[in-house]
Amino acid sequence: VELSCIIKSTVTPDPRIEWKKIRNGETSYVFFENKMQGDFVTRAEILSRTSLVIKNTTRKDTATYRCEVAAPSDTKTIDEINIQLTVQ
């Protein structure tokens, strides 16, 4: 599955991008400090600098995924998008 987090424009040369997984009220890192975390290390990757691709998804992956972008040089310094993923 591919979850897209598209940055339209930014003046910050290298904005910080983080992906988090929110499930049952608990938040965990998926992509933090430019590397995959936890069980995503072996089955996920970042495409085009922002999109998250998760391979071999299972029902355990059903959650809300949050992409957070921090761009300190921009007028809006931080933004986020939540994507609800349901694996049947």
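- An unreviewed UniProt entry lists the protein chain under the name JAM3 protein, from Helopsaltes ochotensis.

Observations regarding the sheet that holds strand 3 (residues 26-32)
Move 1: What the five strands build is an open sheet, ordered 4-3-2-7-8; its pairing is antiparallel. Each edge of the sheet is formed by a strand with only one pairing partner; in this case those strands are strand 4 (35-36) and strand 8 (78-85).
Move 2: Strand direction decides the pairing type here: strand 2 (residues 16-23) and strand 3, joined by five bridges, are antiparallel. Residue pairing for strand 3: R23 is matched across the bridge by E26.

Comments concerning the pairing of strand 5 (residues 44-47)
Move 1: Pairing analysis gives four bridges linking strand 5 to strand 6 (residues 51-54), with the strands arranged antiparallel. Within strand 6, the residue paired with L47 across the bridge is S51.

Things to note about the pattern of salt bridges
Move 1: All told, the structure shown has nine salt bridges when counted by the stated rule.
Move 2: R66 is paired through a salt bridge with E68; the nearest N and O atoms lie 3.8 Å apart. Summarising the burial analysis for this pair, R66 and E68 share the class buried.
Move 3: Salt-bridge contacts for K76 lead to D79; the nearest nitrogen and oxygen are separated by 3.5 Å.

Criteria and cut-off values
- Residues numbered from 1 in each chain as written.
- Predicted model: local features only at pLDDT ≥ 70, side-chain atom pairs only at ≥ 80, totals over all residues.
- Heavy atoms only, no water.
- Pairing = 2+ DSSP bridges.
- Helix = DSSP H or I, 4+ residues; strand = E, 2+ residues; numbered from the N terminus.
- Salt bridge = Lys/Arg side-chain N within 4 Å of Asp/Glu carboxyl O.
- Buried < 20%, exposed > 50% of the residue type's maximum accessible area, 1.4 Å probe, protein only.

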